[in-house]
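# Structure at a glance
Listed here are the chains, written in short residue letters.
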Amino acid sequence: NPQVATVNETGLVSVVGIGQAVISASIANNEAVGSLTLNVDGGFNFAPTPTTPAEDVVSLFSDAYDDIPVSRYNSFFEPFQTTEGGVQPVGPQNIIGYTNLNFVGIVFNDVIFPAEAVPPVNATEMTHLHIDVNVQEPLQDNARLLLELTNYGGTQTAGSFTISGNQLLENDWVGFDIPLASFSGLQDRNRIGLLLFNSQLGNNPTISNIFLDNIYFYAE
């Protein structure tokens, strides 16, 4: 039932309406065993609507604001990135859904696909980064989500901030308001080209499936 769910060419399922949809698959005309049944009752748990005035916000992704141009919501940093997904419609709203997460970036000043590059983010007047996070699986004891901001230009610097597993919830939203001063190492806020999410400890992912929403810089 395409009025309830759609499947793209990579197999990513997006919920688009209320009702029931049954999804099956085949390879070389051989039907896969089993199927996936989605029952959508309209009760999806969305993140709280932001209340920060729009004039104080530089929005990367939020239905509540006008987003600035973004090159890609999935960096596709091959060959080491395993993360799939990106922007997904859920009824009348949009979220970001990532699966098989190890690391993934929201890209602006694109060095891999220069034709898709957009101006880097100017967050000079901003004081905080806001993000809503919803982990879609049981949380491991060592779970963590590392956020990294990188700027580009004649010199490239990066700053990072770690969200620990005990700050997150399974199947529920948690909002974070992170002072940009906490991204130690980030030197120039006027040319941010990448926001990276990394769930790995060493080479081992600690979170694989996650929803993100309301990603924006703001001035307090």
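This section reports on the structure supplied with the text. (Residues numbered from 1 in each chain as written. Predicted model: local features only at pLDDT ≥ 70, side-chain atom pairs only at ≥ 80, totals over all residues. Heavy atoms only, no water.)

## Quick notes on the overall build of the protein chain
In plain terms, the rule: Numbering of helices and strands runs from the N terminus; a helix is a DSSP stretch of H or I covering at least four residues, while a strand is a stretch of E covering at least two. As defined in this context, the radius of gyration uses C-alpha atoms, and a globule is described by 2.2 Å times the residue total to the power 0.38. Only protein chains enter the accessibility calculation, which uses a 1.4 Å probe. A residue is then buried if its area is under 20% of the maximum for its type, exposed if over 50%, and partly exposed in between. Contacts: residue pairs with any heavy atoms within 4.5 Å of one another. The accessible surface values rely on the Shrake-Rupley method and a 1.4 Å probe; as for residues, cover is taken only from the protein chains in view.
When helices and strands are counted, the protein chain shows zero helices and 18 strands. In terms of C-alpha radius of gyration, the protein chain reaches 18 Å, essentially the compact-globule figure of 17 Å for 220 residues. Judged by the C-alpha coordinates and their principal axes, the protein chain covers about 55 × 40 × 40 Å. The burial tally for the protein chain puts 45% of its 220 residues in the buried class. Of the contacts made within the protein chain by residues no fewer than 6 positions apart, 66% connect residues no fewer than 24 positions apart. When the accessible surface of the protein chain is totalled, it reaches about 11,200 Å², and 50% of it is carbon and sulfur.

## With respect to the packing of aromatic side chains
What counts here: Ring pairs shown here join Phe, Tyr and Trp side chains whose ring centres sit within 6.5 Å, with only the six-membered ring taken for Trp; geometry is labelled stacked below 30 degrees between planes, edge-to-face above 60, and tilted in between.
Within this structure, the stated rule accounts for four aromatic pairs. Centre to centre, the rings of Tyr65 and Tyr216 are 5.2 Å apart; their planes meet at 65 degrees, and the pair counts as edge-to-face. Remark: Tyr216 occurs in strand E18 (residues 210–218) and Tyr65 occurs in the loop between strand E7 (57–61) and strand E8 (84–90); sequence separation between them is 151 residues. Judged by its relative accessible area of 11%, Tyr65 is buried. For Tyr216, a relative accessible area of 3% translates into the label buried. Look at Phe161 and Phe183: their rings are 6.2 Å apart centre to centre, the planes differ by 45 degrees, and that puts the pair in the tilted class. Here Phe183 lies in the loop between strand E14 (173–179) and strand E15 (192–198) and Phe161 lies in strand E13 (residues 157–164), a separation of 22 residues in the sequence. Members of the aromatic cluster, each reached through a chain of ring pairs, are Tyr65, Tyr216 and Tyr218.

## Some words on the sheet that holds strand E10 (residues 103–107)
Using the following cut-off: Following DSSP output, two strands are said to pair if at least two bridges run between them. Convention adopted: a line fitted to C-alpha atoms gives each axis, helices being fitted over their contacting stretch, and angles between N-to-C directions are expressed from 0 to 180 degrees.
As summarised here, the arrangement of the four strands in space is E10-E15-E12-E13, forming an open sheet in which the pairing is antiparallel. Each edge of the open sheet carries a strand with a single partner, namely E10 and E13. Sheet twist, expressed as the mean angle between neighbouring strand axes with direction ignored, is 20 degrees. Strand direction decides the pairing type here: strand E12 (residues 144–151) and E15, joined by six bridges, are antiparallel. When the bridges of E15 are listed, Leu149 appears paired with Leu195.

## Points about the environment of Gly17
When you line up the elements, Gly17 lands in the loop between strand E2 (13–15) and strand E3 (19–23). Residues Gly17 and Val90 lie 73 residues apart in sequence; the distance between their C-alpha atoms is 7.2 Å.

## Comments concerning the pairing of E15
A large share of E15 lies buried, amounting to seven of its seven residues. Sheet topology note: the E10/E15 ladder contains five bridges and is antiparallel. Counted as the bridge partner of Phe103 is Asn198 from E15.

## Points about a nonpolar patch on the surface
Heads up, the condition is: Here, patches come from residues exposed beyond 30% relative accessible area and free of salt bridges, joined within 9 Å for like charges and within 5 Å for nonpolar side chains (Val, Leu, Ile, Met, Phe, Trp, Tyr). By salt bridge we mean one thing: a side-chain nitrogen of Lys or Arg within 4 Å of a carboxyl oxygen of Asp or Glu.
Taken together, the side chains of Val111, Ile112 and Phe113 make up a nonpolar region of the molecular surface, amounting to roughly 270 Å² of accessible area. Its place among the elements puts Ile112 in the loop between E10 and strand E11 (128–135). According to the relative accessible area criterion, Ile112 is partly exposed, its value standing at 41%.

## Quick look at the pairing of E11
For E11, the tally of buried residues reaches eight of eight residues, placing the bulk of the element in the interior. Alternating positions in E11 separate into two faces, His128, His130, Asp132 and Asn134 on one and Leu129, Ile131, Val133 and Val135 on the other, with burial throughout.

## Some words on the nonpolar core
Here is the rule we go by: We call a set of buried Ala, Val, Leu, Ile, Met, Phe, Trp, Tyr and Cys residues a nonpolar core when their side-chain atoms join them within 4.5 Å.
Grouped together as the largest cluster of nonpolar side chains are 39 residues, with contacts concentrated most on Ile106, Leu147, Phe197, Leu212, Ile215 and Phe217. Breaking this core down by element, the ones donating at least two residues are E7, strand E9 (93–99), E10, E11, E12, E14, E15 and E18. Among all residues touching Phe217, those that are not within four sequence positions of it are Asp56, Val57, Val58, Leu60, Val121, Ala123, Met126, His128, Leu129, Leu149, Leu180 and Ile192. Formed by six residues, the second largest nonpolar core is a distinct cluster that contains Phe77, Phe103, Val107 and Leu196.

## Quick look at the pattern of salt bridges
Summed over the entire model, instances satisfying the criterion amount to three salt bridges. Arg72 is paired through a salt bridge with Glu116; the nearest N and O atoms lie 3.5 Å apart. One end of the pair, Arg72, is in the loop between E7 and E8; the other, Glu116, is in the loop between E10 and E11, and 44 residues separate them in sequence. Close ionic contact of Arg191 with Asp188 constitutes a salt bridge, the shortest N to O distance being 2.7 Å. In this structure Arg191 comes out as buried when scored by relative accessible area, which is 15%. A cluster of three or more residues bridged by salt bridges with shared partners is formed by Arg72, Asp110 and Glu116.

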